[in-house]
Every structure is written in structure tokens, then in C-alpha cells.
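# Analysis of the macromolecular model
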Amino acid sequence: MVADMPLDKAAFIGLWIESILYGEFHFSNSVPPSDPLDCRPGCHTIVFLSSLYLLRNSKSSLKFNPALTAVMLTVMFGFSTTHVSINFARGLAAFVSYQEMPFGASIYLKKLWALSNVMKQATYVTNVWVTFSTRMTLIYR
């Protein structure tokens, strides 16, 4: 049952899904041993790059500012990158640094006042605010 899922398990599943959608990191046999990580873009990165490509190469007669839209897309992608990075750092801290303690990951993840959690939530709220203001600007025009 979902209500019975512990916080550390939910955080790990959320981090895994967020990482897959943002960009897939995996080990590959074709990569030389000096560079063991092979990075493949995920859905979020592909949509961002496709949007920039279409903004640059479309000959649309719509009345909008493509430069402003590209800047806002880049800002939102930057906030998403920051959110994923902070979440990944929190996961490393919870599951590596606190593995010696019983329920260490849950104890770390329950600290809502920790700077990493505050920064993660602030980044998310700022990204939502930027998205909302961008949409309102486009609707207004």
C-alpha cells in the first residue's frame, strides 16, 4: 500500500524516476575504464533542446517574442537542473553518509529544516513561479 511506504524508499524511487526522465546515467561496456559513466539525454533534455531548435528554425507568424521564450526556457531548464542536482546530492548524503545508522536515510530525509531540503524546495517553487509568469505573459499578449 502507498500509505505504508517508508520515506527513504519513496525518496529513492522519486530520485530514480527523476533521474531517468531528466537524463539517463548508466554503466556501459563500450566506454573506456577511464570514463565509466555514459550519459544519455532523458525526456526533459530532449524536449528542451527540441524547443530551442524549433524556436530558432520555425517561420511562424504567431505574435510572440522567440528570444524571450528561449531565455525563459533556458532559465526553467537551469532550475530543473539545479533541482535534480540537489536531489541527487541529498540522496547520496542520505544513503551513503547515513548508512551506518539504523534508519539513517529516513532520519536525514525527515529533516525539513536542512539547507539542502530548503534549497530543493525553493528551487522548485521558483521554477513553478517562472513557469506561471511566463504563461501569463504569453496569455496577456
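To start, this report covers the structure provided alongside it. Please read these numbers as outputs of a predicted model, since none were measured by experiment.

Each value, and the rule that gives it
Residues numbered from 1 in each chain as written. Predicted model: local features only at pLDDT ≥ 70, side-chain atom pairs only at ≥ 80, totals over all residues. Heavy atoms only, no water. Helix = DSSP H or I, 4+ residues; strand = E, 2+ residues; numbered from the N terminus. Buried < 20%, exposed > 50% of the residue type's maximum accessible area, 1.4 Å probe, protein only. Areas by Shrake-Rupley, 256 points an atom, 1.4 Å probe, with all protein chains shown as cover. Core = buried A, V, L, I, M, F, W, Y, C linked by side-chain atoms within 4.5 Å. Contact = heavy atoms within 4.5 Å. Patch = residues over 30% accessible without salt bridge, like charges linked within 9 Å, V, L, I, M, F, W, Y side chains within 5 Å. Salt bridge = Lys/Arg side-chain N within 4 Å of Asp/Glu carboxyl O. Expected span 1.5 Å × (residues − 1). Arc of directions from axis to C-beta. Axes fitted to C-alpha atoms, helices over the stretch in contact; angles between N-to-C directions. Parallel < 35°, antiparallel > 145°, perpendicular 65-115°, else oblique. Left-handed = near helix turned anticlockwise from the far one by under 90°. Nonpolar A, V, L, I, M, F, W, Y, C, P; charged D, E, K, R; others polar. Phe/Tyr/Trp six-rings, centres within 6.5 Å; stacked < 30°, edge-to-face > 60°. 1 Å grid on protein atoms, 1.4 Å probe; cavity = no way out; pocket = protein on both sides within 12 Å on 5 of 7 lines; lining within 4 Å. Points joined across faces, edges and corners; volume = space filled by probe spheres on them.

## Digging into the overall build of the protein
Counting its secondary structure elements, the protein contains five helices and two strands. The linear arrangement of helices and strands in the protein, starting from the amino end, is α-β-β-α-α-α-α. Burial statistics for the protein: of 141 residues in total, 26% are counted as buried. Taken as a whole, the protein presents about 10,400 Å² of accessible surface, with 69% of it coming from carbon and sulfur.

## Considering the nonpolar core
Of all hydrophobic cores here, the largest spans five residues; its members are A93, A94, A105, Y108 and L109. Elements that contribute at least two residues to this core include exactly α3 (66-97) and α4 (104-109). Looking at which element gives the most residues to this core, the answer is α4, with three residues. In contact with A105, other than residues within four places in its own chain, are D8, A94, F95 and Y98.

## Regarding a nonpolar patch on the surface
Taken together, the side chains of M5, F12, I13, W16, I17, I20 and L21 present a nonpolar region at the surface, about 650 Å² in accessible area. Within the secondary structure layout, M5 lies in the segment before α1 (7-22). Note on M5: relative accessible area 34%, which makes it partly exposed.

## A closer look at helix α2 (residues 43-57)
Taking 1.5 Å of rise per residue, the 15 residues of α2 would be expected to cover 21 Å, and the 21 Å separating its terminal C-alpha atoms lies within 8% of that figure. Inspection of α2 places T45, F48 and L55 among the buried residues, and these make up the whole buried set. Down the axis of α2, the smallest arc covering the buried residues is 100°, so these residues share one side. More than 90 degrees from the buried face of α2, the exposed residues found are V47, Y53 and L54.

## Some thoughts on the packing of α2 against α3
Between α2 and α3, whose axes approach to 10 Å, the crossing angle comes to 165°. The angle between α2 and α3 places the two elements in the roughly antiparallel class. Crossing geometry of α2 relative to α3 is assigned as left-handed. Along its contact with α2, which presents H44, T45, F48, S51, L52 and L55, the element α3 presents P66, T69, A70, L73, T74, F77 and S80. Split by residue class, the contact of α2 with α3 holds seven nonpolar, six polar and no charged.

## Thoughts on the packing of aromatic side chains
For the coordinates displayed, the defined rule picks out two aromatic pairs. When the ring of F12 is compared with that of F95, the centres are 5.7 Å apart and the planes differ by 80°; the resulting orientation is edge-to-face. Here F95 lies in helix α3 and F12 lies in helix α1, a separation of 83 residues in the sequence. For the ring pair F48 and F77, a centre distance of 4.1 Å and an interplane angle of 5° mean the geometry is stacked. Here F48, found in helix α2, pairs with F77, found in helix α3; they are 29 residues apart in sequence, far enough to count as distant.

## Some words on the layout of surface pockets
Considered as a void within the structure, the second largest pocket measures approximately 420 Å³ in volume. For the lining of the second largest pocket, the class distribution of residues is eleven nonpolar, seven polar and one charged.

Shape is all these values report; function is a separate question.
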